[in-house]
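# Fold and geometry: a report
What follows is the residue order along each chain.
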Amino acid sequence: MAAAGGARFIFWDLQHTGWPLEKIAAGMANTRGLDIVPGVRVPAPEPWLIGAALDLGAKLIMVPAVDDAETARAIVDAARYPLAGHRAVTFNFVADRYTPPQDAAAALQAANDEVVVFVQIETAEGLANVDDIATVDGIDVLWVGDNDLAASLGVPGDFDNPIYLDALERVAQAAAKAGKYAGFTTASDVVAAEMLDRGYHILAFGNDIKIFQAAVASGITGFTRALETRIAAATDTNTTNGRTPINA
């Protein structure tokens, strides 16, 4: 559905859903042959989680609450095969479509080149270290976690607060200075335009729960409005039927 709707990438979220890896395996397999890139947000910067998500076919890896360059380097190390990292080497599994490579060295290099690493800047500590994080080789995208970042800065839910807006600016500047991308999630085209102007060039369109809720709310509101209009019209007709309206 995401691909048919025009999405270019999709993330399965293991952080807030509590889903195990096997829960998302079928979904990522279904992206094969589609013009959409599969990604996984792991719940923590654990090498085995990152490696397992990649082994299932993820091409994008997102890690939440990255607070320093040391953690960022460890993430890159876990996401790439030797000699660029220490991801466990395996062939002929899901990520390889169960096909052994003809050239192992070339396969490892291709896999390393395909992986895109997103790190989330969503704490005051991460913001303080954002320039160092951005310069880590192998980090591709700085992704703002808006709710967590605002809360960590002492302005929860206040996305118009100058403190939060300044944080957005700092992340975008750090990304641009390091030659990386800044990213953000929103389901609002107005906010999307604002973020593009702020230097955020990778945008995700909300999440499935919010998209579904918004669609249901919009539909129910429209249905209710149509029903109320017809009830009002029927009531008015019954009131004046067979009588001359007072204001006639």
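Being a predicted model, the structure only gives us computed values, none of them experimental. (Residues numbered from 1 in each chain as written. Predicted model: local features only at pLDDT ≥ 70, side-chain atom pairs only at ≥ 80, totals over all residues. Heavy atoms only, no water.)

### Some words on the pattern of salt bridges
We apply this condition: The rule for a salt bridge is simple: a side-chain nitrogen of Lys or Arg has to be within 4 Å of a carboxyl oxygen of Asp or Glu. Every helix listed is a DSSP run of H or I at least four residues long, and every strand listed is a run of E at least two residues long, numbered separately from the N terminus. Burial classification: accessible surface area is computed with a 1.4 Å probe over protein chains only, and a residue below 20% of its type maximum counts as buried, one above 50% as exposed, and the rest as partly exposed.
Tallied over the entire structure, the rule returns four salt bridges. With a closest N to O distance of 2.9 Å, arginine 41 and aspartate 13 form a salt bridge. Taken together, the residues arginine 41 in strand β2 (residues 37-41) and aspartate 13 in strand β1 (residues 9-13) connect sequence positions 28 residues apart. Judged by relative accessible area, which is 15%, arginine 41 ranks as buried. Residues arginine 87 and aspartate 55 are paired through a salt bridge, measuring 3.0 Å at the closest nitrogen-oxygen approach. Of this pair, arginine 87 sits in the loop between α3 (69-79) and α4 (104-114) while aspartate 55 is found in helix α2 (residues 47-55), placing the two residues 32 residues apart along the sequence.

### Re the pairing of strand β5 (residues 141-144)
Formally: DSSP-based pairing: two strands are paired if at least 2 bridges between them are found.
Alternating positions in β5 separate into two faces, Val141 and Trp143 on one and Leu142 and Val144 on the other, with burial throughout. Pairing between strand β4 (residues 116-121) and β5: four bridges, direction parallel. Counterpart to phenylalanine 118 in the pairing with β5 is valine 141. In terms of strand pairing, β5 meets strand β6 (residues 181-186) through three bridges, oriented parallel. Looking at the pairing, tryptophan 143 lines up with glycine 183 of β6.

### Regarding the environment of glutamine 15
We apply this condition: Residues count as neighbours in contact if any of their non-hydrogen atoms are within 4.5 Å of one another. Pairs of N or O atoms within 3.5 Å make up the polar contacts considered here, provided that, within protein, one atom can donate a hydrogen while the other can accept it, and that residues adjacent in sequence are counted only when both atoms are side-chain atoms.
Relative to the assigned elements, glutamine 15 resides in the loop between β1 and α1 (21-29). Measuring from C-alpha to C-alpha, the distance between glutamine 15 and alanine 74 comes to 19 Å, with 59 residues separating the pair along the chain. Setting aside chain neighbours within four positions, we find glutamine 15 in contact with Arg41, Val42, Pro43, Pro64 and Gln120. A distance of 3.3 Å separates the side chain of glutamine 15 from the side chain of arginine 41, its partner in a polar contact.

### Some remarks on the environment of glutamine 120
For glutamine 120, the location among the structural elements is in strand β4. Glutamine 120 gets classed as buried once you look at its relative accessible area, which sits at 2%. For the pair glutamine 120 and glycine 145, spaced 25 residues apart in the sequence, the C-alpha separation amounts to 6.1 Å. Discounting chain neighbours no more than four positions away, the residues touching glutamine 120 are Gln15, Arg41, Met62, Val63, Pro64, Ala65, Val66, Trp143 and Gly145. A polar contact of 2.9 Å, which involves the side chain of glutamine 120, links it to the side chain of arginine 41.

### Overview of the packing of aromatic side chains
Here is the rule: Each Phe, Tyr or Trp ring, with Trp reduced to its six-membered ring, pairs with another whose centre is within 6.5 Å; inter-plane angles below 30 degrees give stacked pairs, above 60 give edge-to-face pairs, and intermediate values give tilted ones.
In this structure the tally under the stated criterion is five aromatic pairs. Both rings, one in phenylalanine 159 and one in tyrosine 164, keep their centres 5.2 Å apart while their planes meet at 65 degrees; by these two values the pair is edge-to-face. A centroid spacing of 6.2 Å and a plane angle of 75 degrees characterise the contact between phenylalanine 184 and tyrosine 200, whose relative ring orientation is edge-to-face. With phenylalanine 184 in strand β6 and tyrosine 200 in the loop between α9 (189-198) and β7 (202-205), this pair connects stretches of sequence that are 16 residues apart. The burial state of phenylalanine 184 is the same as that of tyrosine 200; both residues are buried. Within the aromatic cluster, the residues linked to one another by ring pairs are Phe9, Phe11, Phe118 and Trp143.

### Regarding the packing of α2 against α3
How we decide: Each axis is a line fitted through C-alpha atoms, taken for helices only over the stretch in contact, and angles between the N-to-C directions span 0 to 180 degrees. In what follows, roughly perpendicular refers to angles from 65 to 115 degrees, roughly parallel to angles under 35, roughly antiparallel to angles over 145, and oblique to any angle outside these ranges. A crossing counts as left-handed when the near helix is turned anticlockwise from the far one by less than a right angle, and as right-handed when that turn is clockwise.
Between α2 and α3, whose axes approach to 8 Å, the crossing angle comes to 40 degrees. The orientation of α2 with respect to α3, classified from their angle, is oblique. At the point where α2 passes α3, the crossing takes the right-handed sense. The residues of α3 that touch α2, namely those facing Pro47, Ile50 and Leu54, are Ile75, Ala78 and Ala79.

### Thoughts on the sheet that holds β6
Sheets are built from strands paired through backbone hydrogen bonds, the pairs being either parallel or antiparallel. Across the sheet, seven strands lie side by side as β1-β2-β3-β4-β5-β6-β7; this open sheet has parallel pairing. A strand with exactly one partner marks an edge of an open sheet, and here the two such strands are β1 and β7. On average, adjacent strands in this sheet sit at an angle of 25 degrees to one another, irrespective of strand direction. Where β1 meets β2, five bridges bridge the pair, whose relative direction is parallel. Counted as the bridge partner of aspartate 13 is arginine 41 from β2.

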